[in-house]
Amino acid sequence: MTHTPSPAARSALAAALVADLAPTGILRASVNLGNPVLAQGTPEAPSGITVDLAREIGARLGLPVELLCFDAARKSFEAMADGRADLCFLAVDPARETEVAFTAPYVVIEGVYAVPRDSGLTAVEDVDAPGIRIGVKQGSAYDLFLSRTLAHASVVRGAEGVDTFREESLEVGAGIRQPMTSYVAANPEVRLIEGRFMEIRQAVGTTVDRAPETVAFLRSTVEELKANGFVADSLRRAGQDAGLLAPPA
């Protein structure tokens, strides 16, 4: 027999969630405007799937939402780790999981490589070789991944991976497929290597010291919003591919 909580029990649970997740009385969400798939606009008027998710979670808890906007994932992560934000929207990565309790991903995007058009590198597997330098955005999911997995190639970090790639005449630039595709289209002297070097699983996160009930609420909410079309609709409104929707957990 399924036990249905009483209204009083539900109210007590909601109050406990609010107190745990948003102790200031405002749900503070860190948003990474540096990832154009997830967020667009300006710090004064941000939009996109992460903004929609933050507002929906706030609405379900009856909380006002404050959006803290940053230009890089590492800054968004730092805001939550430092206690300035209650929620973050980041790629799942072992280096972050020591401090972040993640939901399952709501979106899966791809990390890809760009190279000069006359480069001899033609496959993803060719890149991890001695003497190959890869430009990355410092603290990004693909910086963390490549720093952990490369055996021979080296990572060169900068404010933007493609800028570092170009300015330092590196052999390879790494980034997210959508902006990298736009970059290559605008720069005919550069091409993408076919295929991806990683899947980037974007998820909602909060600090690991939150109550298990709080993390369970976030995880179940994300799954519901994936299933009921909320995430796909938000992606479409932002001009993004609804096919980026992550599969059910």
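Just above sits the structure.
Attention in this report is confined to the structure presented alongside it. Computed from a prediction, not measured in an experiment: that's the story for all the values here.

**Observations concerning the overall build of the protein chain**
Stage number 1. Helix and strand counts for the protein chain come out as 9 helices and 12 strands.
Stage number 2. For a compact globule of 249 residues, the expected C-alpha radius of gyration is about 18 Å, and the protein chain comes in at 19 Å, within 12% of that figure.
Stage number 3. Residue burial in the protein chain is summarised as follows: out of 249 residues, 50% are buried.
Stage number 4. Considering only residue pairs separated by 6 or more positions, the protein chain has 69% of its internal contacts joining residues 24 or more positions apart.
Stage number 5. Carbon and sulfur atoms provide 54% of the accessible area of the protein chain, an area that totals close to 11,400 Å².
Stage number 6. Charge-centre separation for the protein chain: the mean point of 23 positive side chains lies 2 Å from the mean point of 32 negative side chains.

**Focus on the nonpolar core**
Stage number 1. Counting 54 residues, the largest nonpolar core has Leu 87, Tyr 106, Tyr 113, Ile 134 and Leu 146 as its most contacted members.
Stage number 2. Element by element, the count of residues in this core is highest for helix α2 (residues 49-61), at 6 residues.
Stage number 3. Once residues within four sequence positions are removed from consideration, Leu 146 is found in contact with Tyr 113, Ile 134, Val 136, Val 155, Ala 174 and Phe 197.
Stage number 4. The next biggest cluster of nonpolar side chains, apart from the first, holds 13 residues, and it includes Ala 79, Cys 88, Val 92 and Val 100.

Rules used throughout
Residues numbered from 1 in each chain as written. Predicted model: local features only at pLDDT ≥ 70, side-chain atom pairs only at ≥ 80, totals over all residues. Heavy atoms only, no water. Helix = DSSP H or I, 4+ residues; strand = E, 2+ residues; numbered from the N terminus. Rg over C-alpha atoms; globule rule 2.2 N^0.38 Å. Buried < 20%, exposed > 50% of the residue type's maximum accessible area, 1.4 Å probe, protein only. Contact = heavy atoms within 4.5 Å. Areas by Shrake-Rupley, 256 points an atom, 1.4 Å probe, with all protein chains shown as cover. Lys, Arg positive; Asp, Glu negative; His and termini not counted. Charge placed at Lys NZ, Arg CZ, Asp CG, Glu CD. Core = buried A, V, L, I, M, F, W, Y, C linked by side-chain atoms within 4.5 Å.

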